[in-house]
Amino acid sequence: MILFYVLGFILFIALIGYFFLFKDKLKDQENLKNHWQKFLKVKSLNYISGINVYGTQLIYNKFLLTKQLEEIISVVNSRISDFPELKKLKEAAFNKKLHYNRTLNYPGSNGG
């Protein structure tokens, strides 16, 4: 009987964890458009701390598109010489680009 309680408790914890991960994924999808619009607005205003904030939020969004990433990289590269506070954003964008360009190994490929 105790075994069933323990298994039920483990299943309950797993379902709660899955719920929170699913909720986080939906939140990322909803926030992408909003953060992108704010990023474009602060870019046009040349508001550096806003570029830094919204660019970082976009970089860590799971649903960021490649063309959006390229736009962030071009904005940061054009302003990095005058504003060194964008250095961390530049590094994060570079790492995200490496992540997008990585080769995925699968069974039957040379690395999988």
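This text goes with the structure placed above it.
Notes on the structure in this doc start here. Along each chain, the written sequence defines residue order, and numbers are assigned to residues from 1. For a predicted model such as this one, the threshold for reporting local features is a pLDDT of at least 70, and the threshold for listing and counting side-chain atom pairs is 80 or more; totals across whole chains, interfaces and linings nevertheless cover every residue. The basis for every side-chain value is the complete set of non-hydrogen atoms in the structure, without hydrogens or water.

## Some remarks on the nonpolar core
Put simply, the rule reads: Within this scheme, the nonpolar core is defined by two criteria: the residues are buried Ala, Val, Leu, Ile, Met, Phe, Trp, Tyr or Cys, and they are joined through side-chain atoms within 4.5 Å. Classification of residues uses two cut-offs on accessible area relative to the type maximum, computed with a 1.4 Å probe and protein chains only: under 20% is buried, over 50% is exposed, and between them is partly exposed. Comment: elements are numbered from the N terminus, with helices defined as DSSP H or I runs of at least four residues and strands as E runs of at least two. When checking whether two residues touch, look at their non-hydrogen atoms; a contact exists if any pair is within 4.5 Å.
Counting residues in hydrophobic clusters, the biggest one holds 18 residues, and the most contacted among them are Phe 39, Ile 51, Leu 58, Ile 59, Leu 64 and Ile 72. Within the residue set of this core, elements represented by two or more residues are α1 (2-45), α2 (48-59), α3 (66-79) and α4 (87-101). Here the element with the most residues in this core is α3; it accounts for five residues. The contact partners of Ile 59, leaving out residues within four places of it in the chain, are Leu 64, Leu 69, Ile 72, Leu 89, Ala 92, Ala 93 and Lys 96.

## Points about a nonpolar patch on the surface
As a reminder of what qualifies: Only residues whose relative accessible area exceeds 30% and that take part in no salt bridge are eligible for patches, with like-charged residues grouped when within 9 Å of each other and nonpolar side chains (Val, Leu, Ile, Met, Phe, Trp, Tyr) grouped when within 5 Å. In this description, accessible areas are obtained by the Shrake-Rupley approach with a 1.4 Å probe, and a residue is regarded as covered only by the protein chains that are shown. Salt-bridge detection follows one rule: a side-chain nitrogen of Lys or Arg within 4 Å of a carboxyl oxygen of Asp or Glu.
Among the surface-exposed residues, Ile 2, Leu 3, Val 6, Leu 7, Phe 9, Ile 10, Phe 12, Ile 13, Ile 16, Phe 19 and Phe 20 lie close enough to one another that they form a single nonpolar patch of about 1100 Å² accessible area. As for its placement among the helices and strands, Ile 10 is situated in helix α1.

## What to know about the environment of Arg 102
Just so we agree on the cut-off: Polar contact is the term for a pair of N or O atoms within 3.5 Å; when the atoms are in protein, one must be able to donate a hydrogen and the other to accept it, and sequence-neighboring residues count only if both atoms are side-chain atoms.
As for its placement among the helices and strands, Arg 102 is situated in the segment after α4. On the basis of relative accessible area, Arg 102 is assigned to the partly exposed category, the value being 42%. Along the backbone, Arg 102 and Tyr 54 are 48 residues apart, and their C-alpha atoms lie at a distance of 25 Å. For Arg 102, the side chain forms a polar contact with the main-chain oxygen of His 99, separated by 2.5 Å.

## A word on the packing of α2 against α4
So the rule is basically this: Axis definition: a line fit to C-alpha positions, over the contact stretch in the case of helices; interaxial angles, taken between N-to-C directions, run 0 to 180 degrees. Roughly parallel refers to an angle under 35 degrees, roughly antiparallel to one over 145, roughly perpendicular to one between 65 and 115, and oblique to any angle outside these ranges. Left-handed describes a crossing whose near helix is turned anticlockwise from the far helix by less than a right angle; the clockwise case is right-handed.
Taken N-terminus to C-terminus, the directions of α2 and α4 make an angle of 20 degrees; their axes are 10 Å apart at the nearest point. The orientation of α2 relative to α4 falls into the category roughly parallel. Crossing geometry of α2 relative to α4 is assigned as left-handed. Taken together, the residues of α4 that come into contact with α2 (itself represented by Ile 51, Asn 52, Gly 55, Thr 56 and Ile 59) are Leu 89, Ala 92, Ala 93 and Lys 96.

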